[in-house]
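Report on the structure
Listed below are the residues making up each chain.
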Amino acid sequence: MNTQPLPLPLCVGVLGFGGLGQAAAKLLSSKREMILVAAADQKGYAYSREGLNTQACITTYQNQGTVGYLESVGTLSNNSIQDLITTSQPVDGYFLALPNLPNDFIPSVAKQFIQAGWRGVLVDAIKRTSAVEQLLAMKDELQAAGITYMTGCGATPGLLTAAAALAAQSYAEVHKVEITFGVGIANWEAYRATVREDIGHIPGYTVETARAMTDPEVEALLDKTNGVLTLANMEHADDVMLEIAGICSRDRVTVGGVVDTRNPQKPLSTNVKVTGRTFEGKISTHTFTLGDETSMAANVCGPAFGYLKAGQELHNRGISGLFTAAEIMPKFVK
Ligand SMILES: NC(=O)c1ccc[n+]([C@@H]2O[C@H](COP(=O)([O-])OP(=O)(O)OC[C@H]3O[C@@H](n4cnc5c(N)ncnc54)[C@H](O)[C@@H]3O)[C@@H](O)[C@H]2O)c1
């Protein structure tokens with residue numbers, strides 16, 4: 001008879017409880033190896049060592065605007081992340097499902113963790129090259145603090161960047177990596193930060209102008225395009241991540257896509273094409289295509305926790321610092 005005790009589940013938290021944060025909580029409720037013990041939004045946080053009730057968190061957030069109203073486990077706070085990390089332990093790792101608005105917001109949250117003396121694993125699904133570069137500059141600080149930080153670990157950057165890193169192995173030289181994503185969501189309000197950040201990539205807009213737009217202004221823009229945002233040549237961190245992983249220079253990586261904010265069906269199949277030359281001199285292209293039935297939430301949150309588990313294994317071996325989705329294989333979370 002096998003008498004080995006099952007390893008304790010990892011205690012994880014989700015920072016940001018909007019579209020992706022709530023999806024992350026739902027995903028965790030079917031896992032045995034991880035348990036959701038903490039959640040934070042802009043107005044409050046909730047913590048329970050025994051695990052939070054996912055449905056109660058979602059209902060409270062949707063009806064009252066913050067998980068801070070949860071009975072006995074919730075706290076209202078205008079400084080929820082700081083308060084959560086300084087008062088609520090143990091948490092092994094956090095998924096940062098936060099808006100990166102302004103473009104240095106998530107790096108500033110990483111600094112809060114360092115200053116609080118917190119140790120553990122942090123994972124983000126950050127998108128812009130310039131945001132990942134800010135985190136890269138903090139590599140030594142994160143290492144000295146004993147934090148294992150996994151950046152760019154959503155869908156793109158994330159799953160597709162990792163697929164490109166894998167596909168590159170057939171080649172002696174990688175000529176181009178072309179990422180094309182299709183996202184379909186029923187309404188833009190479910191993913192406000194994602195949609196605002198995407199608007200920031202449209203010619204004539206910046207992160208700052210998109211951030212400053214009121215909800216009626218976002219709606220007016222979407223009315224003009226029938227809810228569809230078409231994005232090309234985006235500043236996306238897949239490029240810097242593949243460059244530092246030694247796969248190809250960043251100018252060989254392109255990212256674009258179509259986001260339909262009024263239809264949950266994907267407007268096109270998300271894929272990454274990796275073209276290169278084999279050692280025999282043949283030019284070829286590998287294509288990795290995501291199933292159309294998979295949602296953005298599944299393709300972001302699944303990898304995020306897979307990288308959190310990989311980060312935890314590094315952390316347990318005393319390895320801290322900064323890693324990207326192109327350098328480390330995610331682990332499958334049971
Ligand atoms: N890499 C990828 O593939 C990928 C794909 C989609 C989205 N994303 C990223 O995921 C992030 C989350 O997107 P979303 O659409 O779910 O966001 P959202 O707008 O639906 O939710 C954001 C949440 O963050 C909370 N929040 C805001 N400021 C806060 C603060 N100061 N302290 C604590 N909580 C705060 C809000 O209350 C809200 O709960 C975005 O940065 C987006 O770019 C990445």
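Note that the structure is predicted; figures quoted are calculated from it, not measured. (Residues numbered from 1 in each chain as written. Predicted model: local features only at pLDDT ≥ 70, side-chain atom pairs only at ≥ 80, totals over all residues. Heavy atoms only, no water.)

Every one of the 29 residues lining the ligand counts as a neighbour, but Leu 20, Tyr 61, Leu 98, Thr 194 and Glu 197 are closest to it. Contact between the ligand and Tyr 61: an oxygen atom at 2.8 Å from a side-chain N or O atom of the residue. A distance of 2.5 Å separates an oxygen atom of the ligand from a polar side-chain atom of Glu 197. When the ligand is considered free in solution it has 880 Å² of accessible area, and contact with the protein chains removes 89% of it. Elements with a minimum of two residues in the shell around the ligand: α1 (19-28), α3 (80-87), α8 (192-199) and α12 (296-316). If you tally residues by element for the shell around the ligand, the top one is α8, at four residues. Looking at the shell around the ligand residue by residue, the classes come out as 16 nonpolar, nine polar and four charged. (Near = heavy atom within 4 Å. Polar contact = N/O pair within 3.5 Å; in protein donor to acceptor, adjacent residues only side chain to side chain. Areas by Shrake-Rupley, 256 points an atom, 1.4 Å probe, with all protein chains shown as cover. Helix = DSSP H or I, 4+ residues; strand = E, 2+ residues; numbered from the N terminus. Nonpolar A, V, L, I, M, F, W, Y, C, P; charged D, E, K, R; others polar.)

This paragraph deals with the packing of α1 against helix α2 (residues 54-64). Helix packing for two helices is described by the angle between their axes and how far apart those axes are. Close contact between α1 and α2 brings their axes to 9 Å; oriented N to C, the two are set at 160 degrees. The orientation of α1 relative to α2 falls into the category roughly antiparallel. At the point where α1 passes α2, the crossing takes the left-handed sense. In this structure, α1 contributes Gln 22, Ala 25 and Lys 26 to the contact, and α2 contributes Thr 54, Ile 58, Tyr 61 and Gln 62. Along the lines of polarity and charge, the residues of the contact of α1 with α2 split into three nonpolar, three polar and one charged. (Axes fitted to C-alpha atoms, helices over the stretch in contact; angles between N-to-C directions. Parallel < 35°, antiparallel > 145°, perpendicular 65-115°, else oblique. Left-handed = near helix turned anticlockwise from the far one by under 90°. Contact = heavy atoms within 4.5 Å.)

Per the counting criterion, the structure on display carries five aromatic pairs. Both rings, one in Phe 95 and one in Phe 305, keep their centres 5.7 Å apart while their planes meet at 75 degrees; by these two values the pair is edge-to-face. In this pair, Phe 95 sits in strand β5 (residues 93-96) while Phe 305 sits in helix α12, placing the two residues 210 residues apart along the sequence. Accessibility assignment for this pair places Phe 95 and Phe 305 in one class, buried. Each residue in the set Tyr 94, Phe 113 and Trp 118 is aromatic and connected to the rest through ring pairs, giving one cluster. For Lys 31, the ring lying beneath its charged end belongs to Phe 332, and the centroid distance is 5.4 Å. (Phe/Tyr/Trp six-rings, centres within 6.5 Å; stacked < 30°, edge-to-face > 60°. Buried < 20%, exposed > 50% of the residue type's maximum accessible area, 1.4 Å probe, protein only. Lys NZ or Arg CZ within 6 Å of the ring centre and 35° of its normal.)

Attention now moves to the UniProt feature "active site" (unreviewed entry) in the protein chain. In the UniProt entry, the feature "active site" (unreviewed entry) is given for Lys 127, Glu 197 and His 201. For the annotated residues, spread through 75 residues, the largest C-alpha to C-alpha distance comes to 11.1 Å, consistent with a single compact locus. Topologically, Lys 127 is positioned in the loop between β6 (120-124) and α5 (129-136). In contact with Lys 127, other than residues within four places in its own chain, are Thr 156, Pro 157, Thr 194, Glu 197, Asp 198, Glu 235, His 236 and Ala 237. (UniProt positions renumbered as here; feature names shortened; annotations may be inferred.)

Another point: the pairing of strand β1 (residues 10-15). Within β1, six of the six residues are buried, which leaves it mostly tucked inside the rest of the structure. Relative to strand β2 (residues 34-41), β1 is paired through six bridges, and the arrangement is parallel. In the strand pairing of β2, Leu 10 is matched with Met 34. Since β1 and β2 lie parallel, the crossover through α1 that links them has a hand, and here it is right-handed. (Pairing = 2+ DSSP bridges. Right-handed = clockwise from strand over helix to strand, strands pointing away.)

Let us look at α2. Among the residues of α2, Thr 54, Cys 57, Ile 58 and Thr 60 are the ones counted as buried. What you see down the axis of α2 is that its buried residues fit within an arc of 165 degrees, all on one side. Looking at the buried residues of α2, the elements they touch are α1. Two residues or fewer past α2, Gly 65 is found with a positive phi of approximately 90 degrees. (Arc of directions from axis to C-beta.)

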